[in-house]
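Inside the fold
Spelled out, the chains give:
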Amino acid sequence: MRRALCLLLLLVLTGCASGPSLENRGRVTAPPGDSHHLTIGSAGFTESDLLAQMYAQLLDSAGYRTSILTVSNRELYEPALESGQIDVVPEFAATFADWLNAKVHGADAPPVGSPDLAATMTALRALAAPRGLTVLPPGRAVDQNAFAVSADYARAHHLRTLSDLGASGLRVRLAAGDECVQRPYCAPGLRKVYGIDVTGVDPKGVGTTPAKRAVQQGRDQMVLTTTTDATLDQFGLVLLTDDRHLQNADYVVPVVNRARAGGAKVTKALGRLNDVLTTRDLADLNEQVDSWRRLPADVARSYLRDKGLLT
């Protein structure tokens, strides 16, 4: 009930509040702020919940009072971030850059996210700043599309990278979402960049249990998943390295409302996570929540203590 009320309140607030006014868009007008109470946004899936918990606990340790609000729809939480109803949210660099770009320039605008992290961050910050948002430095963890095969298949054909698969000449049926047929970073990209003979797409979704099971049982040869998938071992699957960098630079980045959380103290507190959190760590933390049924708050706290970031 409480969550429903929060979401209703958020809808009302985002309907009547906005970021910088239209006449001020294109320049940053508010100085970096340092509100004592900060609301951390979560997009409602395991990884976002974990990152929101880690952000909140680090900020609590730095002397802030925090609360977490879950809003699973980016169309709602991004305007709330602009208006200051949400102060901090974990995002993914390339995905958020392309989302803002489409919001500003239309759905048909050429994408600005790319495999180049520096170029992606430059584009993202240029789009975010006029909306009153500051994108903090990215860490080491990246959650991007990835492709996995069975460990037995990889051993039999000496596969470690997607280039190896392309050079092998093997015919590959890919378990993925149906959009993979057209997405440049999926089947078309695998053919163009790696020369992989993708014979078809089995529409079982991205990283779903049926998709992984199809590869485990040999009905398909490869599955589209993500770099932080925590369940690959359970299906006897291994990732093939994206050695030619087909995928976009979806590094984890904190995005803050500049007027309320743009000060150096917040940047320093959240930056401590950048030094330690890796892609492998994030996959392990996801597994503790999804497979071991631990609470995200407890998993986050244990991790931060283990890394010496909390006492």
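So, how was this worked out
- Residues numbered from 1 in each chain as written.
- Predicted model: local features only at pLDDT ≥ 70, side-chain atom pairs only at ≥ 80, totals over all residues.
- Heavy atoms only, no water.
- Helix = DSSP H or I, 4+ residues; strand = E, 2+ residues; numbered from the N terminus.
- Rg over C-alpha atoms; globule rule 2.2 N^0.38 Å.
- Buried < 20%, exposed > 50% of the residue type's maximum accessible area, 1.4 Å probe, protein only.
- Contact = heavy atoms within 4.5 Å.
- Areas by Shrake-Rupley, 256 points an atom, 1.4 Å probe, with all protein chains shown as cover.
- pLDDT = per-residue confidence, 0-100.
- Core = buried A, V, L, I, M, F, W, Y, C linked by side-chain atoms within 4.5 Å.
- Polar contact = N/O pair within 3.5 Å; in protein donor to acceptor, adjacent residues only side chain to side chain.

**Some points on the overall build of the protein**
Tallying secondary structure elements over the protein gives 13 helices and 10 strands in all. Expected size for 311 residues packed as a compact globule is a radius of gyration near 19 Å; at 20 Å, the protein falls within 12% of this value. C-alpha extents for the protein along the principal axes are approximately 55 × 45 × 35 Å. Within the protein, the fraction of its 311 residues that count as buried is 51%. The long-range fraction of contacts in the protein, counting pairs at least 24 apart against all pairs at least 6 apart in sequence, stands at 76%. As displayed, the protein has an accessible area near 14400 Å², and 52% of this comes from carbon and sulfur atoms.

**Considering the confidence of the model for the protein**
When pLDDT is averaged along the protein, the result is 91, and 90% of the positions lie at 70 or above. Note that pLDDT drops below 50 for residues 1-9; the model gives that stretch four contacts with residues more than four away or on any other chain. The low-confidence segment residues 11-27 (pLDDT under 50) makes 21 contacts with residues lying over four places distant or belonging to another chain.

**Some thoughts on the side chain of Thr 231**
Inspection of the secondary structure assignment puts Thr 231 in the loop between β8 (222-226) and β9 (237-240). Sequence-distant contacts of Thr 231, that is, excluding residues within four places in its chain, are made with Lys 212 and Ser 291.

**Side note on the nonpolar core**
Ranked by internal contacts, the top residues of the largest apolar core, which has 33 residues, are Met 54, Leu 59, Leu 273 and Leu 277. Elements with a minimum of two residues in this core: β1 (37-42), α2 (46-61), β3 (88-92), β10 (252-257), α11 (264-274), α12 (279-290) and α13 (296-306). When near neighbours in sequence (up to four residues on either side) are disregarded, Leu 273 contacts Met 54, Tyr 55, Leu 58, Tyr 303, Leu 304 and Leu 309.

**Observations concerning the environment of Asp 250**
Here Asp 250 lies in the loop between β9 and β10. Sequence separation of Asp 250 and Asn 145 is 105 residues, and the distance between their C-alpha atoms is 8.8 Å. Here Asp 250 is in contact with Phe 92, Ala 93, Ala 94, Thr 95, Val 142, Asp 143 and Gln 144, once residues within four sequence places are set aside. Looking at Asp 250, its side chain comes within polar contact range of the side chain of Thr 95, at 2.7 Å.

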